Amino acid sequence: MSRKRITAAVAVLVLATGCGAADMTEQASPFANAQGARTVTLSVQSWVGAQANVAVAQYLLEHELGYRVDTVQVDEVPAWDALSQGRVDAILEDWGHPEQEQRYVRDKGTITAGGDLGVTGHIGWFVPTYFAKKHPDVTDWKNLNKYAELLRTAESGGKGQLMDGSPSYVTNDKALVDNLNLDYQVVFAGSEAAQITQIEQFAKEKKPFLTYWYTPQWLFEKVPMTEVKLPPYKEGCDADPAKVDCAYPVTPLQKYLNAGFAEDGGEAAEFLKRFRWTTEDQNEVSLMIAEQKMRPDEAAKKWVGSHESVWRKWLP
Amino acid sequence: MATVTAPAARPARPGVLRRPAARKLLVLAVAAAVLVPLAVSRWGGATWPDALTVDVSGPLGRASDWIIDNRDSHPLFLYFFGHVSNVVVLAVRAVYLALLAVGWAGVTAIGALVAWRAAGVRLALSTAAAFLACGLLGMWVPTMQTLALMVVAVLASVAVGALLGLAAGLSDRMDRVLRPVLDTMQVLPAFAYLLPVVLVFGIGVPAAVLATVVYAAPPMARLTSLGLRGADKEVLEAVESLGTTARQRLLTARIPLARKELLLGVNQTIMMALSMAVIASVIGAGGLGDRVYQALASVDVGAALAAGIPIVLLAVVLDRVTGAAGERLGESETSPLTWLYLLVAAAAVAVAGRLAGFLDWPEAWEADIAEPVNRAVDWMTAHLYSGVPVVGGTADWAAHFTSWVLNPLRDGLQWLPWWSVLLAVAALAWLIGTWRTALTAVLAMAAIGVLGVWNPSLDTLSQVLAAVAVTLVIGFATGIAAARSDRFERLLRPVLDVFQTMPQFVYLIPVVALFGVGRAPAVAAAVVYALPAVVRITAQGLRQVDPAALESARSLGATSGQQLRQVQLPLARRSLLLAVNQGVVLVLAVVIIGGLVGGGALGYQVVFGLAQGDLATGLVAGAAIVCLGLMLDRVTQPSERRTKKGA
């Protein structure tokens, strides 16, 4: 009897799993396409700009095209992986990952480029403008050592503090501090949320600080910051991560789609390929989400209501 | 900590207890006298010698590349992992679709009716209220996603745990083999092994479910084995004398007798699976955890709380219902017919809800709590952060704590020669346990050195020690107060529930807002998380002290302080040690997550590994965390194993 049972169990298992090979590249989220709705799964990265892209795309997909949208928060590199496997359908804001591009777009062909987002990104070192006004020469890296004392915190030990953010961000800061002989300690805030919270606390007290930051970013509206000049960026000066001694490049941000989705994603894929707006547009939505604490869908609704000429063009 | 971990001198027979401790220390001293000069002459210096490290980043990087390149084509993935992954996706999807089809009215009704039969009217009402609150907070769909994930993860954990427990309960050899495995699984901070699961299964639900099973199965296994072993011998003999076969005995006597333990196991598994549901959001599990995590990204404590409350409600309701069901076992069985009626009633409500169009939670019924919460948090941070007269602001405290406690502790630990750290670990673990625990602890610590992460590990260790010290001071004081006053304990209970079940991610932002970026907020978050377990175990231990001993002390005219110091605390020594042990394990789990708010060290490396898909960094840091957890667990391990994690 027991043998019969085991055989039966094995048979059921084999039947249930479809006896053949299981393709891990074709597994959508179990929450997708529920109740007969067409679902698009978008990845959201941890910064607010990315949330703004997704919020607006989601709003339009849901209200203009009749899709149901799932969002999953994933860091950049794992998002590439998820995109390749079809767990998410699109990344709307990529800051440049040559290694991943080579692997997934060119070699494996599981991801296709979705074109420019229309927003240009730039990473740099920033000090608050109130500090830069008081000490105008702080905006050149050559003078940074003079201010190390002022920028010291409990975390940075005897050196000045250079605050970095989430570990998922592209950063050469440790190498830069070493190679430019700066008397600074890179303190990793560990997440953008922590970094923003700390910047706001510093700004409230008008305290000086030096931070890794990037544009476009809504926080500039609230805490005006001035960029510190680093040695100028030249093509290839950041090729060896240990020897970097130049500023960060200017990056036109890109969209990427899962290859299968780009092919037969219908209107949704078409829409996401055409999605393209400006830095000001993105900041407007970001500010509503982060500063006015509006829910992303409400912020998107508000923006959509007043910018019809922009998004009309995106609809297929 | 030293006062607790040192062998307690029982007033009655000090000599007997002291002698083995002295002997152990003597043996260690002799071993050290021989080994240390050897080690120092070969590999001097304070930090772990380079000659004794193994660089695993090369092979790990290659392994990670191999997996990514072969994931879509290799038979191992096509015929094994792929199917596992598919089954998980299908199961979760089935449950999720069922929940959506039943609609919110149906789900609430079914939940309440089950709670009513299993645990009584009061819990039925709370269950209904909890479900409605989830809808009210605008979290109905995420709650259903989490629930679907939980159902599958809990079923899988219970099945795996019960099988392991069955093996361990029936065979002594399996028990010996499994015990260290389960021990290890229980001290692993979940954050440490997310990366390898993600690499194999990719982001999303399958990885989340599997990580949850690793995390939540051990208590089930342990309690199953405990229940089978604890079955009344006389009953078993009686059954045996009836001429039953071994299998009949198992099914008709041993398993039914172990029902209470089994249910407790299910209860523990549910609680752990829920806490994992949030951590798994880092790898794209979706549901409530994802909402908390997304809110964290936009520094929105209110939104994080709105998603965190349903998790707390689910946890409290599930805990109470399964707990009450366990206590009611054997009282009066509900007949199958009653269950049938219940099912029919629930189905009727669900159908009625469907017909009335009550399927999706109506948006108009959502209450927005995010805004008031955010205002409260803003007020708090604006007024407490700095410039408070006399006591100084929280930022000043954090800075002082960092410069006066964390920095010296870290620098001190890193300054200590590596062999002296090993010696100290050996001495502590041996004094409190057996030579085996000491050996495990030393080997774990040595493994950290071999992996080449000695300094960051000591940094993490310093944060753990500081957080444990604070937790114990507050926890013991609160525990003692709770043990002495029933009213205080009643007031405390809901607070502890909330602290214990609120996802850690929710309070990461408030602690940054209060304490700035760095190690101080990580320590603060760890204290908040570990406190409830310490308070509970302390209070329980003190309350269980033999009343006769207290009575006799009282009759001798001891004051209440004397009673506490000389009778209650020494007699509750075992509980206090368990509290220390739990405190250490829980603190470690959160200090790691503190990598998200500037805790640095191992926690940052794990987050970095996850974020950059860097297996070498992430996995080495994860392994070091596991070793650190093992070492800390063994060093603080009371002689009798606990039965559950998280108390």
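Parameters and conventions
Residues numbered from 1 in each chain as written. Chains lettered and ligands numbered in written order. Predicted model: local features only at pLDDT ≥ 70, side-chain atom pairs only at ≥ 80, totals over all residues. Heavy atoms only, no water. Phe/Tyr/Trp six-rings, centres within 6.5 Å; stacked < 30°, edge-to-face > 60°. Helix = DSSP H or I, 4+ residues; strand = E, 2+ residues; numbered from the N terminus. Buried < 20%, exposed > 50% of the residue type's maximum accessible area, 1.4 Å probe, protein only. Axes fitted to C-alpha atoms, helices over the stretch in contact; angles between N-to-C directions. Left-handed = near helix turned anticlockwise from the far one by under 90°. Contact = heavy atoms within 4.5 Å. Nonpolar A, V, L, I, M, F, W, Y, C, P; charged D, E, K, R; others polar. Domains from an automatic or database assignment. Buried area = accessible area lost by both parts, 1.4 Å probe. Salt bridge = Lys/Arg side-chain N within 4 Å of Asp/Glu carboxyl O.

Here's the deal with the packing of aromatic side chains
All names here are of chain A. Applying the stated criterion across every chain yields a total of 22 aromatic pairs over all chains. An angle of 20° between the planes, with centres 6.4 Å apart, marks the rings of Tyr169 and Tyr212 as stacked. Here Tyr169 is found in the loop between β5 (160–164) and α6 (173–179), whereas its partner Tyr212 is found in strand β7 (residues 210–215), with 43 residues between them in sequence. Residue class for Tyr212 comes out buried when judged on its relative accessible area of 2%. Between Phe275 and Trp314, the aromatic rings sit 4.4 Å apart at their centres with planes inclined by 40°, giving tilted as the arrangement. Taken together, the residues span a long stretch of sequence, with Phe275 in the loop between α10 (266–274) and α11 (279–290) and Trp314 in the segment after α13 (308–312) at a distance of 39 residues. Comparing Phe275 with Trp314 shows no difference in burial state: the two are buried.

Things to note about the packing of helix α14 (residues 301–328) of chain B against helix α21 (residues 486–501) of chain B
Residues and elements named next belong to chain B. Running from amino to carboxyl end, α14 crosses α21 at an angle of 115°, the nearest separation of the two axes being 9 Å. Seen along the crossing, α14 lies across α21 with a hand that is right-handed. Taking contact as the criterion, the partners of Ile311, Val312, Ala315, Val316 and Arg320 in α14 are, on α21, Arg493, Asp497, Val498 and Thr501. In terms of residue class, the contact of α14 with α21 is built from five nonpolar, one polar and three charged.

A closer look at the domain arrangement of chain A
Residues and elements named next belong to chain A. Under the domain assignment used here, chain A contains domain 1 (39–120 + 251–314) and domain 2 (121–250). Each side of the interface is counted separately: domain 1 has 18 residues, and domain 2 has 16 residues. Where domain 1 abuts domain 2, roughly 1400 Å² becomes buried across the two surfaces, and 62% of that area is made up of carbon and sulfur atoms. Run the count over domain 1 and domain 2 and you get zero salt bridges. Of all the secondary structure elements, the ones that give two or more residues to the side of domain 1 that touches domain 2 are β4 (111–128), β9 (250–258) and α11. For the side of domain 1 that touches domain 2, the element with the highest residue contribution is α11, accounting for six residues. Residues belonging to the side of domain 1 that touches domain 2 are distributed by class as follows: eight nonpolar, seven polar and three charged.

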